[in-house]
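Here is what each chain is made of, one letter per residue.
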2 protein chains.
Amino acid sequence: MKRLVTNSLFALLLLANASAAADPLRSWNDTAPKKAIVAFVERVTKPGSADYVPVARRIAVFDNDGTLWAEQPMYFQALFIFDRIKQLAPQNPEWKKKEPFASVLKGDLGTALAGGEKALLEMAMATHAGMTTDEFSKIVTDWLATAKHPKTGQTYTEMVYQPMLELLAYLRANKFKTFIISGGGIEFMRPWVEGVYGIPPEQVVGSSIKTKYEVRDGKPVIVRLPELNFIDDKAGKPVGINQHIGRRPIMAFGNSDGDFEMLEWTTAGQAARFGLLVHHTDGEREWAYDRKSRIGKLDKGLDEAQERGWVLVNMREDWKTIFRKMEK
Amino acid sequence: MKRLVTNSLFALLLLANASAAADPLRSWNDTAPKKAIVAFVERVTKPGSADYVPVARRIAVFDNDGTLWAEQPMYFQALFIFDRIKQLAPQNPEWKKKEPFASVLKGDLGTALAGGEKALLEMAMATHAGMTTDEFSKIVTDWLATAKHPKTGQTYTEMVYQPMLELLAYLRANKFKTFIISGGGIEFMRPWVEGVYGIPPEQVVGSSIKTKYEVRDGKPVIVRLPELNFIDDKAGKPVGINQHIGRRPIMAFGNSDGDFEMLEWTTAGQAARFGLLVHHTDGEREWAYDRKSRIGKLDKGLDEAQERGWVLVNMREDWKTIFRKMEK
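Residues numbered from 1 in each chain as written. Chains lettered and ligands numbered in written order. Predicted model: local features only at pLDDT ≥ 70, side-chain atom pairs only at ≥ 80, totals over all residues. Heavy atoms only, no water.

Helix and strand content of chain A: 13 helices and seven strands. What you see for chain A is a C-alpha radius of gyration of 22 Å, in line with the 20 Å of a compact globule of 328 residues. With the principal axes as the frame, chain A shows a C-alpha extent of 80 × 50 × 40 Å. Buried positions account for 54% of the 328 residues belonging to chain A. Taken as a whole, chain A presents about 15,100 Å² of accessible surface, with 54% of it coming from carbon and sulfur. Side-chain charges of chain A comprise 45 positive and 41 negative groups, with the mean position of each set lying 4 Å from the other. (Helix = DSSP H or I, 4+ residues; strand = E, 2+ residues; numbered from the N terminus. Rg over C-alpha atoms; globule rule 2.2 N^0.38 Å. Buried < 20%, exposed > 50% of the residue type's maximum accessible area, 1.4 Å probe, protein only. Areas by Shrake-Rupley, 256 points an atom, 1.4 Å probe, with all protein chains shown as cover. Lys, Arg positive; Asp, Glu negative; His and termini not counted. Charge placed at Lys NZ, Arg CZ, Asp CG, Glu CD.)

Attention shifts here to the environment of Lys96 of chain B. All names here are of chain B. Topologically, Lys96 is positioned in the loop between helix H3 (76–88) and helix H4 (101–106). Exposure remark for Lys96: the relative accessible area of 68% places this residue in the exposed category. Placed 39 residues apart in sequence, Lys96 and Glu135 show a C-alpha to C-alpha distance of 26 Å. Once residues lying within four places of it in the same chain are set aside, the contact partners of Lys96 are Ala102 and Leu105. (Contact = heavy atoms within 4.5 Å.)

Attention now goes to the sheet that holds strand E1 (residues 59–62) of chain B. Residues and elements named next belong to chain B. Here seven strands make up an open sheet; going across it, the order is E4-E3-E2-E1-E5-E6-E7 and the pairing mixed. Only two strands of the sheet have a single neighbouring strand rather than two, namely strand E4 (219–230) and strand E7 (311–314). Sheet twist, expressed as the mean angle between neighbouring strand axes with direction ignored, is 30°. Relative to E7, strand E6 (residues 274–279) runs parallel, the two sharing four bridges. Along E7, the bridge assignment pairs His279 with Asn314. Strands E1, strand E2 (177–185), strand E3 (204–216) and E4 of the sheet are contacted by helix H10 (residues 236–244), whose axis makes an angle of about 130° with E2. (Pairing = 2+ DSSP bridges. Axes fitted to C-alpha atoms, helices over the stretch in contact; angles between N-to-C directions.)

Take the environment of Pro33 of chain B next. Residue and element names in this part refer to chain B. Residue placement: Pro33 occurs in helix H2 (residues 32–45). Look at Pro33 and you get buried, because its relative accessible area is 5%. Along the chain, Pro33 and Trp319 lie 286 residues apart, while their C-alpha atoms are 9.8 Å from each other. In this structure, Pro33 is in contact with Trp28, Val311, Leu312, Val313 and Asp318, ignoring residues within four places of it in sequence.

A few words on the pattern of salt bridges. Counting across every chain of the model gives 36 salt bridges over all chains. Notably, a salt bridge pairs Arg43 of chain B with Asp51 of chain B, separated by 2.7 Å at the nearest N-O pair. A salt bridge links Arg308 of chain B to Glu304 of chain B; the nearest nitrogen and oxygen atoms lie 2.7 Å apart. Of this pair, Arg308 of chain B and Glu304 of chain B both sit in helix H12 (residues 300–308), four residues apart, which is roughly one turn of the helix. Bridged by salt links that share partners, the residues Lys177 and Arg247 of chain A together with Glu194 and Glu202 of chain B form one connected network. (Salt bridge = Lys/Arg side-chain N within 4 Å of Asp/Glu carboxyl O.)

For the pair chain B and chain A, the relating rotation is 180°, the translation along its axis is 0.0 Å, and the fit reaches an RMSD of 0.0 Å. The transformation relating the two chain copies, once decomposed into turn and shift, fits a two-fold axis. Looking at the rotation axis and the C-alpha trace of chain B, the residue lying nearest is His244 of chain B, at 3.3 Å. The overlap is high: 100% of the interface residues of chain B also sit at the interface in chain A, so the same surface is used on both sides. (Least-squares fit on C-alpha atoms with pLDDT ≥ 70 in both.)

It is common to give the size of an interface as the accessible area lost on bringing the parts into contact. Listed as interface residues are 36 residues of chain B and, on the opposing side, 36 residues of chain A. Buried area between chain B and chain A, both sides added, is near 2,900 Å², and the carbon and sulfur share of it is 48%. Where chain B packs against chain A, one counts six salt bridges. The partner of Glu202 of chain B in a salt bridge is Arg247 of chain A, and the shortest N-O contact between them spans 3.5 Å. In this structure, the connection of chain B to chain A is made through 19 residue pairs in polar contact (both at pLDDT 80 or more). Contributions of two or more residues to the side of chain B that touches chain A are made by helix H7 (133–146), E2, helix H9 (186–197), E3, E4, H10 and helix H11 (260–267) of chain B. Here the element with the most residues in the side of chain B that touches chain A is H10 of chain B; it accounts for five residues. Broken down by class, the residue content of the side of chain B that touches chain A amounts to 17 nonpolar, eight polar and eleven charged. (Buried area = accessible area lost by both parts, 1.4 Å probe. Polar contact = N/O pair within 3.5 Å; in protein donor to acceptor, adjacent residues only side chain to side chain. Nonpolar A, V, L, I, M, F, W, Y, C, P; charged D, E, K, R; others polar.)

This brings us to the environment of Gly66 of chain A. Residues and elements named next belong to chain A. Looking at where Gly66 falls in the secondary structure, it is placed in the loop between strand E1 (59–62) and helix H3 (76–88). Placed 211 residues apart in sequence, Gly66 and Leu277 show a C-alpha to C-alpha distance of 10.0 Å. Apart from the residues lying within four places of it in its own chain, the contact partners of Gly66 are Glu71, Tyr161, Asn255, Val278, His280 and Tyr289.

Now for the pairing of strand E5 (residues 251–254) of chain A. On a regular strand, each side chain points to the face opposite its neighbour's, so the side chains alternate between the two faces of the sheet. Residues and elements named next belong to chain A. Where burial is concerned, the two faces of E5 agree: the one with Met251 and Phe253 and the one with Ala252 and Gly254 are both buried. In this sheet, E5 lies alongside E1 in parallel orientation, the contact comprising three bridges. Opposite Phe62, over in E5, you have Phe253 as the bridge partner. Relative to strand E6 (residues 274–279), E5 runs parallel, the two being bridged by four bridges.

Attention now goes to a nonpolar patch on the surface. Taken together, the side chains of Leu121, Leu228 and Ile231 of chain A define a hydrophobic patch exposed on the protein surface, amounting to about 210 Å² of accessible area. Tracing the backbone through its elements, the reader meets Ile231 of chain A in the loop between strand E4 (219–230) and helix H10 (236–244). (Patch = residues over 30% accessible without salt bridge, like charges linked within 9 Å, V, L, I, M, F, W, Y side chains within 5 Å.)

Now for unusual backbone geometry. Note that the residue after Gln72 of chain A, namely Pro73 of chain A, is joined by a cis bond; omega there is 0°. On the secondary structure map, Pro73 of chain A appears in the loop between E1 and H3. A cis amide bond links Glu99 of chain B to the next residue, Pro100 of chain B, at an omega of 0°. Tracing the backbone shows Pro100 of chain B in the loop between H3 and H4. Positive phi is not limited to glycine here, since Lys234 of chain B has a value of about 50°. In this structure, Ala271 of chain B takes a positive phi of about 65° despite not being glycine. Assignment of secondary structure puts Ala271 of chain B in the loop between H11 and E6. Take Ala271 of chain B: its relative accessible area is 71%, and that puts it in the exposed class.

For the rest of this paragraph, the subject is the sheet that holds E6 of chain A. Residue and element names in this part refer to chain A. Strand order in the open sheet formed by seven strands is E4-E3-E2-E1-E5-E6-E7, and the pairing between neighbours is mixed. In this open sheet, the two edge strands, each paired with only one partner strand, are E4 and strand E7 (311–314). For this sheet, the mean angle separating the axes of adjacent strands, direction not counted, is 30°. Summarising the sheet, strand E3 (residues 204–216) and E4 pair through eight bridges and their orientation is antiparallel. The residue bridging Tyr213 from the neighbouring strand is Ile222, located in E4.

So, on to the packing of H10 of chain B against H11 of chain B. Axes are the key here: two packed helices are described by the angle between their axes and the distance separating the axes. Residue and element names in this part refer to chain B. Here H10 crosses H11 at 55°, and the two axes come no closer than 7 Å. With respect to their mutual orientation, H10 and H11 come out oblique. For the pair formed by H10 and H11, the contact residues are Lys237, Pro238 and Ile241 on the first element and Glu261, Met262 and Trp265 on the second. (Parallel < 35°, antiparallel > 145°, perpendicular 65-115°, else oblique.)

Everything listed here is a matter of coordinates, which is why it stays silent on function.
As C-alpha cells, this is what we get:
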C-alpha cells in the first residue's frame, strides 16, 4: 500500500514536470518576439518581482483582423456583407441601380469599395440592421458554418493564427484576462470568438450600431437599428477600452496603424507594459503587405515600433505555423 | 511524527467544516427571499441538475442606487454634483444668475431639481466634463474620502447594504460573475466599486458622456466631453447589458421601476432565471418609500412582481442588518 502511494505520487510529479516542460508557445520560433513575451510575462507574474502585477490588473488586449485571424483579400466581415447583399437583393430591387450595392451584385467589388469606409458603412447598415440581436447572431453563425475563403477554400474560423491561439492560452494560464478590441462589429464577433479563441462575449469590444429594447407580443427583444453607435478603430480603440474595461491594459497586440493608438495608450502607462505588432511578411504561407496596403496598412507603426519599444513579429521568421491546427 | 500529521489533518478538516457551516448570508433572516436565493443557486450550480448552468453563463446583474447602497434623500451622485458646483462656482461666475446652478448655490436643491432629469443632466455635464478620465477618477475618490451623508453623517461608502455584500460574495463563491448595471455614471462608480463591492471596473455598466483620445505634450490622455453618450436606465439597461456583456444574465437584482426592463429581459430568458426587487420598507433603520417616491420609485414593479415570479425583499422583515459592518 505504501509502495503504491509512493509510486502514484511519483507518477504525478512526473506528469507535472512533463506539463511544465511542454512549450506553451510551440508554434513560435525561438526568436526575439517569443523571448520578449515570455520574459515580460515572467517579470509581471513572479511574486516578489519589482514589476509584479496583481491578477486583477493583468489585462491583455488583442486586435482581431490581421492579428488573430487573416484579413486578406479584404476584411472577412466585408465578405459577409457582400454575401448578405446578394441574399437580400430580391427584397431590395432598388439595389440593382443603387451604388455601392449595384457593383456588389455585379461582382465588381473594386468599384463597390471605391467609396471607402463610407460605402462599407452604408452596406453594413443595410445588411446588419432591422433584425433582433438573436436573429443576427444566428445569421452570422450560419454564414461562418458554410462560407469559404475565396483563396484558401477554408472556412473563415480555420484561418485564425495558431501562434496567437497559443499566446491567448499562455496568457490566461498566467491569469491574464484577454480582450478583443476590434474595428469589426462587436455582434459579428461575439457568436464565435468564445468557441474559437476562448474569449467570452463580455470581453469583446468592437464597432457597433445602435439598438433598442422592445417587447413584441409579450416577448422582449433587442432590435438592431440602422444608426451608427461607435467606431472602434484608431483613436476609438483607447476610447472603447476605457468604456468597456475602465482600466489600462498592460499588454496590447495589433498589426496595423488602426492599432497604433491602442498600443500607444497601453504602453504609455506606468510600470511594466508590452506592445506587439504582427508584421505580415509571409507571401507564401499567408500574405505579405504593410505600408501600401488598402487593408491592414502598417506604416507609422513600422516607423515607430523600435523607438517605442514595441515588438515586431516577422511572420515568416517568427512563426513555425500560421493557421490554426484543426482536429480532423 | 505520525500523530502530529494526523492531528494537523484533523484540524484542517475541522476548519473546512466550520467554514462550510458558516452562513454566507448571515445578515438575511431565514425568510422567503433568502430561501429563494439559496434554492436557485443550488439548482443552477449542482452538477447533473436539470437546470445546471455552466460557469461561463453565470452572470448576475445588480442595480447600484437603492440596491447596493442607499439613494435617499437623493442619489449620492447628485449630492456629488452639488458639491462640485459649489467648488467650481468661482471659475463660473455666470452660475449665480443661471438656473439650475443658481438654486444649488443658494442651497435650494428643490428648485434646482424642479427641472427634472434635464436639469440634473445639465449639471452633470458642467461638472463631469472637461478633465481627463484620470483626473475625474481622483476627484471622485477624494470626494468619497471626506464627504458625509446629510442625515447619517457617515461616508457614502459606509452606506452600502451588508446583506447585498454577502450576496455578491456568495454568488462569486458559486462562480458567478457579478456586474453593476446602473443609471449612475460609469466613471463615478469605477474608482471605488472594486474596493467596496469586489466588482472590477470591466464589470461596471452605467450612464456615460462621450470621451476623446488625444496626446498632450507627448502624453496620451482620454478627455471627458460635455456630450451625452448613453443613459443606462429603464429600457437602456437591457441595451447596456447587451452592449457590455453580450449575453443574457441569469439573475437580476434591482429596487425601482428603473430596473423593470432589466428584470424583464433577464427573466424572459430560457431556462432557470431569477429576478429580485429590494422594497424599501424600513423607515427606522433606512427609508420607507415606493410608489410615490421621486427617487427610486417602485410602482409597476410592485404591481407585477408576483405574477412575474420576481422575489420581493421586504427590507424591514428580511434583513437583520442594513448597512455595511465596518471594521473599526
